[in-house]
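Chain and residue survey
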Amino acid sequence: MTVYSNPGTPGALVTFKPRYENWIGGEWVKPVQGQYFEDISPVNGKPFAEVARGTAEDIELALDAAHRAAPAWGKTSSTERAAILNKIADIIDANLELLSVAETWENGKPVRETLNADLPLSSDHFRYFASAIRAQDGEHAELNGDMVSYQFHEPLGVVGQIIPWNFPLLMAVWKLAPALAAGNAIVLKPAEQTPVSILVLIELDGDILPPGVLDVVNGFGIEAGKPLASSSRIRKIAFTGETSTGRLIMQYASANIIPSTMELGGKNPNIFFSDVAQEKDAFYDKAQEGFVLFAFNQGEVCTAPSRALLQKPIYDDFLGDAVERTRKAIQGNPLDTNTQVGAQSSNDQLEKILSYIDIGKKEGAKLALGGERVDLGGEISGGYYVEPTIFEGHNKMRLFQEEIFGPVLAVTSFTDYDDAISIANDTLYGLGAGVWSRNGNIAYKAGRDIQAGRVWVNNYHAYPAGASFGGYKSSGIGRENNKLALGAYQQAPGLDRSEGNGHAAGKRHRIDHHPGGNQCSGGVDPGRGRTSAEPLGRTRAAHVPPVGGLLRRFLALSYPAGEFITSDRDVLLGRLDIAPSATEPRVIDFWMSAEQFEYWSHTFLSVDVVPGRGGGFSVEAPRGVRFLLRSRLMESFG
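Now for a look at the structure at hand. All values reported here derive from a predicted model rather than from experimental measurement.

1. Considerations on unusual backbone geometry
Positioned with a positive phi, asparagine 297 is a non-glycine residue whose angle comes to about 55°. Along the chain, asparagine 297 turns up in the loop between helix 9 (282-292) and strand 15 (307-311). Non-glycine residue glutamine 298 carries a positive phi angle of around 60°. Positionally, glutamine 298 belongs in the loop between helix 9 and strand 15.

Below, the structure written as structure tokens:
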């Protein structure tokens, strides 16, 4: 047994600063409006630090920093990014006890959990995504003999992330690791109940990432969270929290047409089939442990098994044993490694839990255990503690349908397999579930029939890196913790390359753009030609319908010979010797709209002349000739 010293006392592993600022652009930055709020430890109910109270102005500063950092960070190699993620993991491992004590003091969970779960899983997730990004390949498909389609992985750019208070570090890492691995810059808002844990980690590893790649703005949801989630300057928003807030954030995202990842609430069934009690052996003991896990992390887990479904033949005996096992759970000082049940994360959450206990009593649910607030006395007398509580009732009660987010379990019975699945799926949510059976066929079938994003079979509350995590129904959208999460922080541009029969026999012309003008390879210098701000696309009325071309609905592309009309609004780039045949040499002008010219002016273009019909930009296409236009990006393929 170890009892860690309270932070800031003699022998303590961590001493918090009196005040924490926002972390923006690699520096500690004071809030624009100069306001701060208190961070209160649920262990004793007392404040231990002041934290910057960020607002929309601070979010804008963080977005400025992130946008400055994003281009360079997005271009770093996967090898470089993986090395940085591994360094962060090393720092977490080297400071395991310090970070565990810090998080326990701020959140109230037992230090045995932060030492053995939260922090080891955090470092492992960084290492997992370091490996995943190194192993990620692009994809290609040979569509036919002449066409190959390539799919690439690119970062989204700047993304926003809003973190919950129940796992301040691990939930942050679930989002940070894939986003950083994919090459994004991040503006992160921690929960106002637990902002300091992530800031302590940044004190340890803040100089590893380039300035601006990770920016943290503290504050309240309406003052800092909403400006971040509704900003048109982010390309994705990720959120973990309760469902009603998730709906609002999804509305903000839809207004800006950006993707979102939502990990929301749950009312998770834990099903125990009668064969579990076939013998009172190690398997039975493990199933009993699975029942008691409703109180893990004080029930403050989105996937908490908050509904227990027991098959009728074993209901009384199994429940009796489980109640006695729950009664033996050790509740005490969260800094004591023997403690199994700690403090609720805030006074507001404590009051919510107590109100639901009162609701259960008024609904007529039978109280089998607990149901009261606990005063542990001494220096933690003012902390936020409640007894693990077990009710018996039916699935239509509010205790069974509404997420409480505390150590409160609702127990009911079922008759047969179909009844179990029906009760399990009778909920708005679909985040997690547990199935316990010695029969492999039953366990597998139930695992597939339950509508939940994560189903544990003969175990519960395992969260290894590499196992996808996310919800069905009102429990959210998207997946985290596995390589699927990389795709959520990437865009996948496609590139279709046609070789054709003319690639070897055809000609390539390169047009380089320079500040002083344009040069066509081969020594021809056409100059800028006739230009205007109005693009060629706006002179469509003067043009006949184009031939071919993938974008012909939107832009003038290639036209039949003799039917291409130009005006003083177009740009003459150069002349191309297209030589459609050895006996029919021909030089034609290569035109481009002013709009397209401005788009391409940062690079050089290569134009391939190959057999075919249509294609290319605004050029006159003789019969049997088409043009393939390539930017600098494509030079390496040629």
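2. Remarks on empty space enclosed by the protein
Tallied over the entire structure, the rule returns five cavities of 30 Å³ or more. Around the largest cavity, the lining comprises 15 residues; the ones closest to its centre are Ile88, Ile202, Asp205, Leu209 and Leu214. For the lining of the largest cavity, the secondary structure elements donating two or more residues are helix 5 (170-181) and helix 6 (196-205). A per-element tally of the lining of the largest cavity places helix 6 first, with three residues. Looking at side-chain class alone, the lining of the largest cavity contains 11 nonpolar, three polar and one charged residues. Lining the second largest cavity are 13 residues, with Ala304, Ser306, Glu403, Ile404 and Phe405 sitting closest to its centre.

3. With respect to the pairing of strand 6 (residues 139-142)
Examined bridge by bridge, strand 6 and strand 7 (residues 147-151) share four bridges and lie antiparallel to one another. Across the sheet, glutamate 142 pairs through a bridge with valine 148, a residue of strand 7. Adjacent in sequence and paired antiparallel, strand 6 and strand 7 are bridged by four residues.

About the cut-offs
- Residue indices follow the written sequence of each chain, beginning from 1 at its first position.
- Local features in this predicted model are restricted to residues of pLDDT 70 or higher, and side-chain atom pairs are both shown and tallied only at a pLDDT of 80 or more, whereas totals for entire chains, interfaces and linings draw on every residue.
- In computing side-chain values, all of the structure's heavy atoms are included and hydrogens and water are not.
- To qualify as a helix, a DSSP run of H or I must reach at least 4 residues; to qualify as a strand, a run of E must reach at least 2; elements of each kind are numbered from the N terminus.
- Here a cavity means grid points, on a 1 Å grid over the protein atoms only, where a 1.4 Å probe fits yet cannot get out; a pocket means an open set of points with protein on both sides within 12 Å along at least five of seven lines; lining residues are those with an atom within 4 Å of a point.
- Grid points are joined across faces, edges and corners, and a volume is the space filled by probe spheres set on the points.
- Throughout this entry, Asp, Glu, Lys and Arg are counted as charged residues, while Ala, Val, Leu, Ile, Met, Phe, Trp, Tyr, Cys and Pro are counted as nonpolar. The remaining residues, Gly among them, count as polar.
- When DSSP finds at least two bridges between two strands, those strands are taken to pair.

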